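Residue-level structure breakdown
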Amino acid sequence: MVGVDGSQGSSNALRWALGEGRARKIPVHAVFAWNYHPSWVDPGLGSMFPLGYQLEGSVPEDEFATTTASVEELLDAAISKVTESDPDRASGQVPVTRATLQGNAAHALLTSAGECDTLVVGSHGHGGFIGAVLGSVSQHVVSHSRCPVVVVPAPQRTPNG
């Protein structure tokens, strides 16, 4: 199982999980956890979406259903982006199942990991502090998971980059 939130860190984690799935001939289960904050409750709560993402148009009457559909689209787009750029896809497609779960990301990942063989996360998602070794979600799942956790680090920056 791999946590996906559309960030570069989660793309790296998904790419790693696909390689592992291909090597072990097992499917990958991608999970996108999100929190719903109705716009009418407190607009200061922030968004359940990655930074910079905006719903297009006005807020519909059934905001939750639209938000759920948008989250599913984000997950599909994140998976497509990684699978289409996978340099090893010619050696075999890895079956990818997907789920969107409402709730705190760390809690949702730990709850759904249940009988998983391995939980894969990126070292950082959309939030966090620059310079931190681990983001809050990856730190929490490492500390509380009942299955092995793989934290895929961000690529190292070169001194000139």
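Below you will find a few notes about this structure.

Rules and cut-offs
Along each chain, the written sequence defines residue order, and numbers are assigned to residues from 1. A pLDDT threshold of at least 70 governs which residues receive local features in this predicted model, and a stricter bar of 80 or more applies before side-chain atom pairs are shown or counted, although totals over entire chains, interfaces and linings include all residues. For the side-chain quantities, the full set of heavy atoms in the structure was used; hydrogens and water were omitted. Starting at the N terminus, helices and strands are each numbered in turn, a helix being any DSSP run of H or I of at least four residues and a strand any DSSP run of E of at least two. Partly exposed residues are those whose accessible area sits between 20% and 50% of the maximum for their type, while under 20% is buried and over 50% is exposed, using a 1.4 Å probe and protein chains only. Strands pair, by our definition, only if DSSP identifies at least two bridges between them. Salt bridges are counted wherever a side-chain nitrogen of Lys or Arg sits within 4 Å of a carboxyl oxygen of Asp or Glu. The convention used is that axes are lines fitted to C-alpha atoms, helices contributing only their stretch in contact, and that angles between N-to-C directions extend from 0 to 180 degrees. Here a crossing is called left-handed whenever its near helix is offset anticlockwise from the far helix by less than a right angle, and right-handed whenever the offset is clockwise. By the convention used here, residues are in contact when the closest approach between their heavy atoms is within 4.5 Å. In the scheme used here, Gly and all other residues not listed as nonpolar or charged are polar, with Ala, Val, Leu, Ile, Met, Phe, Trp, Tyr, Cys and Pro taken as nonpolar and Asp, Glu, Lys and Arg as charged. For the purposes of this section, nonpolar cores are sets of buried Ala, Val, Leu, Ile, Met, Phe, Trp, Tyr and Cys residues that join through side-chain atoms within 4.5 Å. The cut-offs work like this: below 35 degrees is roughly parallel, past 145 is roughly antiparallel, 65 to 115 is roughly perpendicular, and the gaps in between are oblique.

Moving on, we come to unusual backbone geometry. Phi is positive for Lys-25, close to 55°, though the residue is something other than glycine. Within the fold, Lys-25 resides in the loop between helix H1 (8–24) and strand S2 (28–34).

Moving on: the pairing of strand S4 (residues 119–122). Of the two faces of S4, both are covered, the one formed by Leu-119 and Val-121 as well as the one formed by Val-120 and Gly-122. Sheet topology note: the S4/strand S5 (residues 149–152) ladder contains 4 bridges and is parallel. Counted as the bridge partner of Val-120 is Val-150 from S5.

On to the pattern of salt bridges, then. Across all of its chains, the model carries 4 salt bridges by this definition. The partner of Glu-20 in a salt bridge is Arg-24, with the nearest N and O atoms 3.5 Å apart. Here Glu-20 and its partner Arg-24 are both found in helix H1, 4 residues apart, which amounts to about one turn of the helix. Given the relative accessible area of 37%, Arg-24 is considered partly exposed. Across the pair Arg-98 and Asp-76 runs a salt bridge, and its minimum N-O distance is 2.6 Å. Pair noted here: Arg-98 is in strand S3 (residues 96–102) and Asp-76 is in helix H2 (residues 63–84), with a separation of 22 residues, a long-range link.

Where helix H3 (residues 105–113) meets helix H4 (residues 136–144), the closest approach of the two axes is 9 Å, and the angle between their N-to-C directions is 35°. Considering only the axes of H3 and H4, their crossing is right-handed. For the pair H3 and H4, the contacting residues are Ala-105, Ala-106, Leu-109 and Leu-110 in the first and Val-137, His-140, Val-141 and His-144 in the second. Residue classes in the contact of H3 with H4 are distributed as 6 nonpolar, 2 polar and no charged.

On to the environment of Ala-113, then. Within the secondary structure layout, Ala-113 lies in helix H3. Accessibility expressed as a relative area gives 4% for Ala-113, which makes it buried. Taking C-alpha positions, Ala-113 is 9.6 Å from Val-31, a pair spaced 82 residues apart along the chain. In this structure Ala-113 touches Met-1 and Cys-147, once residues within four positions along its chain are discounted.

What follows deals with the nonpolar core. Membership of the largest hydrophobic core comes to 21 residues, with the highest contact counts inside it found for Val-2, Val-4, Leu-14, Leu-18, Val-28 and Ala-30. For this core, the secondary structure elements donating two or more residues are H1, S2 and H2. Here this core takes 6 residues from H2, the largest share from any one element. With near-sequence residues (within four places) excluded, Leu-18 lies in contact with Val-28, Val-82, Thr-83, Asp-86, Val-94 and Val-96. Among the nonpolar cores identified, the runner-up in size contains 9 residues, and Met-1, Leu-109, Ala-113 and Cys-147 belong to it.

Moving on, we come to the packing of H1 against H2. Think of two packed helices as two axes; the pair is described by the angle between the axes and how far apart they sit. Between H1 and H2, whose axes approach to 10 Å, the crossing angle comes to 55°. Between H1 and H2, the interaxial angle falls into the category oblique. As H1 runs across H2, the sense of the crossing is right-handed. Here H1 contributes Ser-11, Leu-14, Arg-15 and Leu-18 to the contact with H2, which in turn contributes Ala-78, Ile-79, Val-82 and Thr-83. For the contact of H1 with H2, the class distribution of residues is 5 nonpolar, 2 polar and 1 charged.

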